[in-house]
Amino acid sequence: MNWKRVCDTESILENDMQEFEVDGITVLIARNAEGFWAYPPNCPHMEAQLAFGTCDGKLITCLQHLWQWDMRTGAAVGLAEEPLKQYRTKIEDSGVFVNLQEELKYAIQDN
Ligand code: FES
């Protein structure tokens, strides 16, 4: 069973993001009008904590050196030189579930 419940859907406001721990692993969950998105917690540039960055509903920005990524795909935007890894998410029983076994790259999810 790879799906882990990370938080309630009500835990995160739209256009915001927050870290959660599940099975000892830290996961960053972001929300926009389309749904919920999950990523590892640290920037692929120099490991800054992405939760201290911004999420505007389209882009995630690391405030250390302003690398940015498309929320839906993790694709690098602007200055970013590497994509942001993602985990698959699903919503069930008002909860956000993440599949930590499967990292995605450039995949648009249905959630
Ligand atoms: S550590 Fe995130 S952009 Fe440099």
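Residues numbered from 1 in each chain as written. Predicted model: local features only at pLDDT ≥ 70, side-chain atom pairs only at ≥ 80, totals over all residues. Heavy atoms only, no water.

What the chain contains, in helices and strands, is 0 helices and 10 strands. When the helices and strands of the chain are listed from N to C terminus, the series reads β-β-β-β-β-β-β-β-β-β. Radius of gyration (C-alpha) of the chain: 13 Å, near the 13 Å computed for a compact globule of 111 residues. Oriented by its inertia axes, the alpha-carbon framework of the chain measures out at about 40 × 25 × 25 Å. For the chain, with 111 residues in total, the buried portion stands at 42%. The long-range fraction of contacts in the chain, counting pairs at least 24 apart against all pairs at least 6 apart in sequence, stands at 39%. Of the accessible surface of the chain, which amounts to about 6000 Å², a share of 44% is contributed by carbon and sulfur atoms. (Helix = DSSP H or I, 4+ residues; strand = E, 2+ residues; numbered from the N terminus. Rg over C-alpha atoms; globule rule 2.2 N^0.38 Å. Buried < 20%, exposed > 50% of the residue type's maximum accessible area, 1.4 Å probe, protein only. Contact = heavy atoms within 4.5 Å. Areas by Shrake-Rupley, 256 points an atom, 1.4 Å probe, with all protein chains shown as cover.)

Let us look at the pattern of salt bridges. Within the structure shown, the criterion is met by 4 salt bridges. Put simply, glutamate 34 and arginine 72 hold a salt bridge, and the shortest N to O gap is 3.1 Å. Of the two residues, glutamate 34 is situated in the loop between strand E3 (25-32) and strand E4 (35-39) and arginine 72 in the loop between strand E7 (68-70) and strand E8 (76-77); the sequence distance between them amounts to 38 residues. Judged by relative accessible area, which is 44%, glutamate 34 ranks as partly exposed. Looking at arginine 72, the relative accessible area reads 28%, which means it is partly exposed. One salt bridge in this structure joins lysine 90 and glutamate 92, with 3.1 Å as the shortest N-O distance. A relative accessible area of 24% places lysine 90 in the partly exposed class. (Salt bridge = Lys/Arg side-chain N within 4 Å of Asp/Glu carboxyl O.)

Moving on: the sheet that holds strand E5 (residues 54-55). Strand pairing in a sheet is mediated by backbone hydrogen bonds. Such pairs are either parallel or antiparallel. Taken together, 4 strands build an open sheet; the order of strands is E5-E6-E7-E8 and the sheet is antiparallel. The strands lining the two open edges of the sheet, one partner per strand, are E5 and E8. Inspection of the sheet shows strand E6 (residues 59-61) paired to E7 by 3 bridges, in the antiparallel sense. Bridge pairing in E7 links threonine 61 to glutamine 68. (Pairing = 2+ DSSP bridges.)

So, about the environment of valine 6. Tracing the backbone shows valine 6 in strand E1 (residues 3-8). Taking the C-alpha atoms as reference points, valine 6 and glutamate 19, separated by 13 residues in sequence, lie 9.5 Å from one another. When residues no more than four places from it in sequence are discounted, the contact partners of valine 6 are Phe20, Val22, Ile29, Val96 and Val98.

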